[in-house]
Amino acid sequence: MNQLYAAIVVGLVGVICIMDSRMLGRLSVERPLIGATMVGIVLGDVPTALAAGATLELMSIGLINVGAAMIPDMNMGSIVATAFVILTGAGPEAALTIAVPVAVLGQALGLAIRMVLAAFSHKTDALIDQGKFKQALHLHIIWGNVLYALMYFVPIFIAIYAGTDLVQQIVNSIPAWVTSGLTLAGNVLTALGMALLLNIMLTKSMTIFFLMGFFGAAFLGLNVTAMAVFAVLLALLLVGLKFRDSGSGQLAAQTSDDYDPLEDDD
């Protein structure tokens, strides 16, 4: 297959994936397994793509963006890795080796793009204050999404056309102080994102459940999956008890002497 054609079509797959949560309404296209499958479709090898995508999905299933925190972009990594596995004939296990440096590069690009978009937001506010609504709409809807599309298409195109060695060299050429700064910023943003999430969700009635999950993970050594399973079981138990009590109360009201089902509530 022509290398240029492969680079273009895989880059377009990346554009579709990055537009998922921004213009397509969150269709779950922006997942390693789905992105890898789309790459397999355009390159003509769906079984290999599914095998590589499943491996990368398992690797990234515990990576969650919380608030403004940035994690390695495994979606970009899976797209590039799956394409290389198909084009080179390597096994699905090779996808992990290829995906990690690309995902790290995607994380750095994502942080840079978000800094630019933050400036766009302030510019948009100023345009709205001036009554220039059309310019504000173009800046926010059009140019913001164009930047996101380029953030995916350009590195994916270069990686497929030039090879993963170039991507690895770019990652290695990033100064240590930049990498350390991005890591520190990511840690701070993770804490900030969790604080924002708790500020929205945590109430007096929910505090006990938060503490149960925290101490369960801290002292019982349970992982996130185990805590989620216990949380679902506890939620089902509490919902069952709640509706059982309300159901019995309704039954008692219906069997009372003065109860008339045809009587208006007024």
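Side note on the packing of aromatic side chains
The description of two aromatic rings rests on the distance between their centres and on the angle between their planes.
Piece 1. What the rule picks out here adds up to five aromatic pairs.
Piece 2. Between the aromatic rings of phenylalanine 214 and phenylalanine 215, the centroid separation amounts to 5.3 Å while the plane-to-plane angle is 80°, which identifies the pairing as edge-to-face.
Piece 3. For the ring pair phenylalanine 215 and phenylalanine 219, a centre distance of 5.7 Å and an interplane angle of 15° mean the geometry is stacked. Remark: phenylalanine 219 and phenylalanine 215 occur in helix α10 (residues 204–219); sequence separation between them is four residues, near one turn of the helix.
Piece 4. Assessed through its relative accessible area of 40%, phenylalanine 215 is described here as partly exposed.
Piece 5. What links up through ring pairs into an aromatic cluster is the set Phe210, Phe214, Phe215 and Phe219.

Focus on the side chain of asparagine 145
Piece 1. Positionally, asparagine 145 belongs in helix α7 (residues 133–162).
Piece 2. Residue classification places asparagine 145 among the buried residues on the basis of a relative accessible area of 12%.
Piece 3. When near neighbours in sequence (up to four residues on either side) are disregarded, asparagine 145 contacts Met19, Arg22 and Met23.

Here's the deal with the pattern of salt bridges
Piece 1. Under the counting rule described, the total for this entry stands at one salt bridge.
Piece 2. One salt bridge in this structure joins arginine 31 and glutamate 57, with 2.6 Å as the shortest N-O distance. With arginine 31 in the loop between α2 (20–23) and α3 (32–43) and glutamate 57 in helix α4 (residues 46–60), this residue pair connects regions lying 26 residues apart in the sequence.
Piece 3. Judged by relative accessible area, which is 15%, glutamate 57 ranks as buried.

The rules behind the values
Residues numbered from 1 in each chain as written. Predicted model: local features only at pLDDT ≥ 70, side-chain atom pairs only at ≥ 80, totals over all residues. Heavy atoms only, no water. Phe/Tyr/Trp six-rings, centres within 6.5 Å; stacked < 30°, edge-to-face > 60°. Helix = DSSP H or I, 4+ residues; strand = E, 2+ residues; numbered from the N terminus. Buried < 20%, exposed > 50% of the residue type's maximum accessible area, 1.4 Å probe, protein only. Contact = heavy atoms within 4.5 Å. Salt bridge = Lys/Arg side-chain N within 4 Å of Asp/Glu carboxyl O.

Everything listed is a geometric property; what it means functionally is a separate question.
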